[in-house]
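# Chain and residue survey
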Amino acid sequence: MSARTGTAATTPPAVDTDTDTDTATPAHGPGDDGGRGPRRRTPRGRTPRRRTLRHRVLRHRVLRRATRRAAGRRGRLIAGAAVVLAALMALSPWLPNGPLNLVSLWQTVLPWSGLGITLLLLLAALRRCTLAAVAVLLPALVWTVLFTPALVDKRTDGGEFTVVSHNVNEDNPDPRRTARALAGSGADVVAVEELAARARETYRRELAATYTYSEVHGGIGLWSKYPLQDVETVEIMPWTRALRATVLTPKGPVALYTAHLASVRVRPDAGFTTAARNEAAARLAAAVQSEPLARIVVLGDLNGSFDDSALRALTGPLRSAQREAGDGFGFTWPAPFPVVRIDQILVKGVTPCSAWTLPDTGSDHLPVAASLRL
């Protein structure tokens, strides 16, 4: 008892030293789960499943958005390429020729631009890009407008003067076969280019029974069922590559030019090498423009297409028999699988009724033929 109060002394409660203070949970501590028991702790170094799923979803969304953006960029590239291709096709006749003459090359192979359209359409389908697919319709429309007329059969009857032109290939291993094919063509006049000196007698012998009149100068030969007058060489190159003759047909005289323009090559360092060809074409054009006769036929290996603007001085005043009276593009070279038409029959003052290519004769070119109304 206390002497002052008279009450018994109070002994403080003993402290339980075995109690783990870490187990004490604050009233609103981070471990409070609303009375549902303590939160399960995740072992160190392991991510909770819910957080892993959330990260996967976010990563998938990011990747999907990036893929969509990349696909959109590729789709715009395809659409842009389609627009450029359409412009190059539509503006082809007016494009300026650069130092490498690439425009001449483009104009020569222009019908094959359809392959580029097919490729762009395939890429648009693979990318599943509506914009690109719609854009590809533009060059497809331009190609249709430009070349559908060539695919229509425009051949008719009524021709009374048939001509054939053939580059027979100087290295032809079987000139007899080629000569016999020409003799059986039924043409009134046969013009031959790149005639090898060693093969001249073979052609004379094989064609003599069908054609009474003939002229051979250098690598150019002319065989005709009708008389030939005023035959002369046309100086388009240092050696003989062109002839001019008057053919006395039953319907009156026709001025006939046969030519083999200079060869062209595609070289990485020089592009489309057409300088010599263009110069020869200009000289031939000058001779044709000064021709006094009203009816003119120009045929031969021009080493260029009718669409090549570099040849416009020659082709501009003339009309293409194949374009007016043919069926298809009439490709002539190379003979096993022709991809371009570089052998031409051009006319002025006469009407083409039909135009076609003859079968392979063993040369690297196919012969070209046309039936004309005088």
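So, here is what we can say about the structure in this document. (Residues numbered from 1 in each chain as written. Predicted model: local features only at pLDDT ≥ 70, side-chain atom pairs only at ≥ 80, totals over all residues. Heavy atoms only, no water.)

## Looking at the overall build of the chain
Rule in force here: Strands here mean DSSP runs of E at least two residues long; helices mean DSSP runs of H or I at least four residues long; both are numbered from the N terminus. Whether two residues are in contact is decided by their heavy atoms: any pair within 4.5 Å suffices.
Of regular secondary structure, the chain possesses nine helices and 14 strands. Sequence separation of at least 24 residues holds for 65% of the intrachain contacts in the chain that already meet a minimum separation of 6.

## Structural notes on helix 6 (residues 200-207)
Selection criterion: Burial classes follow relative accessibility: with a 1.4 Å probe on protein chains only, a residue under 20% of its type's maximum area counts as buried, one over 50% as exposed, and anything between as partly exposed. Here the arc refers to the set of directions running from the helix axis out to each C-beta atom.
Taken together, the buried positions of helix 6 are T202, Y203, E206 and L207. When helix 6 is viewed along its axis, its buried side chains cluster within an angular range of 110 degrees and face the same direction. The inward-facing, buried residues of helix 6 contact helix 5 (175-183) and strand 4 (220-224).

## Examining the packing of aromatic side chains
Applicable threshold: Classification of ring pairs rests on two measures: the distance between centres of Phe, Tyr or Trp rings, Trp counted by its six-membered ring, which must be within 6.5 Å, and the angle between planes, read as stacked under 30 degrees, edge-to-face over 60 and tilted in between.
For the structure on display, the rule yields five aromatic pairs. With a centroid separation of 5.3 Å and an interplanar angle of 50 degrees, the aromatic rings of W143 and F147 are classed as tilted. With W143 and F147 both in helix 4 (residues 130-151) and four residues apart, the pair spans about one turn of that helix. Relative accessible area serves as the criterion here: at 6%, F147 is assigned to the buried category.

## What about the packing of helix 5 against helix 6?
For clarity, the threshold we go by: The axes are straight lines fitted to the C-alpha atoms, using for helices just the contacting stretch, and the angles between their N-to-C directions are given from 0 to 180°. Helix crossings fall into two classes, left-handed where the near helix is turned counterclockwise from the far one by less than a right angle and right-handed where it is turned clockwise.
Two numbers describe how helix 5 lies on helix 6: the axes approach to 9 Å, and their chain directions differ by 35 degrees. Crossing angle aside, the handedness with which helix 5 passes helix 6 is right-handed. On helix 6, the residues that touch P175, R176, T178, A179, R180, L182 and A183 of helix 5 are T202, Y203, E206 and L207.

## So, helix 5
All of the buried residues in helix 5 are P175, T178, A179, L182 and A183. The arc enclosing the buried residues of helix 5, seen along the axis, measures out at 140 degrees, which places them on a common side. Against strand 1 (161-167), strand 2 (189-193) and helix 6 lie the buried residues of helix 5.

## As for unusual backbone geometry
In this structure, the amide linkage connecting W333 to the following residue, P334, adopts the cis form with an omega of -10 degrees. The topology assignment puts P334 in the loop between helix 9 (321-325) and strand 12 (343-348). A positive phi angle, close to 60 degrees, is found at E194, a residue other than glycine. Note on placement: E194 falls in the loop between strand 2 and helix 6. On the basis of relative accessible area, E194 is assigned to the partly exposed category, the value being 22%. Despite not being glycine, D230 has its phi angle at roughly 50 degrees, a positive value. With respect to the element layout, D230 can be found in strand 5 (residues 228-233).

## Remarks on the packing of helix 3 (residues 113-127) against helix 4
For any two helices packed against each other, the geometry comes down to the angle between their axes and how far apart the axes lie. In plain terms, the rule: Note that the term roughly parallel is reserved for angles under 35 degrees, roughly antiparallel for angles over 145, roughly perpendicular for angles of 65 to 115, and oblique for everything else.
In contact at an axis separation of 9 Å, helix 3 and helix 4 are set at 160 degrees when each is read in the N-to-C sense. In terms of orientation, helix 3 and helix 4 fall into the roughly antiparallel class. In this structure, the crossing between helix 3 and helix 4 has a hand that is left-handed. On helix 4, the residues touching S113, G114, I117, L120, L121 and A124 of helix 3 are A132, A133, V136, P139, A140, W143 and F147.

## Let's talk about the side chain of H260
If you trace the backbone, H260 turns up in strand 7 (residues 252-260). Residue classification places H260 among the buried positions, given a relative accessible area of 4%. Beyond its immediate chain neighbours, meaning those up to four positions away, H260 contacts N167, E193, E194, I220, I236, M237, R241, D301 and N303.

## Considerations on the sheet that holds strand 6 (residues 242-249)
Going by this rule: Whether two strands pair comes down to DSSP finding at least two bridges between them.
Strand order in the open sheet made by the six strands is 5-6-7-10-12-11, with mixed pairing throughout. Each edge of the open sheet carries a strand with a single partner, namely strand 5 and strand 11 (319-320). Looking at chain direction, strand 11 and strand 12 are connected through two bridges and run antiparallel. Looking across to strand 12, one finds that S320 is bridged to L346. Those strands touched by helix 7 (residues 275-289) are strand 7 and strand 10 (296-301), and its axis lies near 175 degrees from that of strand 7.

## Description of the nonpolar core
Selection rule: In plain words, nonpolar cores are sets of buried Ala, Val, Leu, Ile, Met, Phe, Trp, Tyr and Cys residues tied together by side-chain atoms within 4.5 Å.
Counting residues in hydrophobic clusters, the biggest one holds 22 residues, and the most contacted among them are I236, Y257, L261, L284, V288 and V298. Counting residues per element, the ones that place at least two in this core are strand 7, helix 7 and strand 10. A per-element tally of this core places helix 7 first, with six residues. Listed in part, the 21 residues of the second largest apolar core include F161, A191, V297 and V350.

## So, the sheet that holds strand 4
Taking strand neighbours across the sheet as the criterion, the six strands line up as 3-4-2-1-14-13 in an open arrangement whose pairing is mixed. Two strands lie at the open edges of the sheet, namely strand 3 (213-217) and strand 13 (351-357), each paired on one side alone. Sheet twist, expressed as the average angle between the axes of neighbouring strands with direction ignored, equals 15 degrees. Pairing analysis gives four bridges linking strand 2 to strand 4, with the strands arranged antiparallel. Across the sheet, residue V192 finds its bridge partner in strand 4, namely G221.

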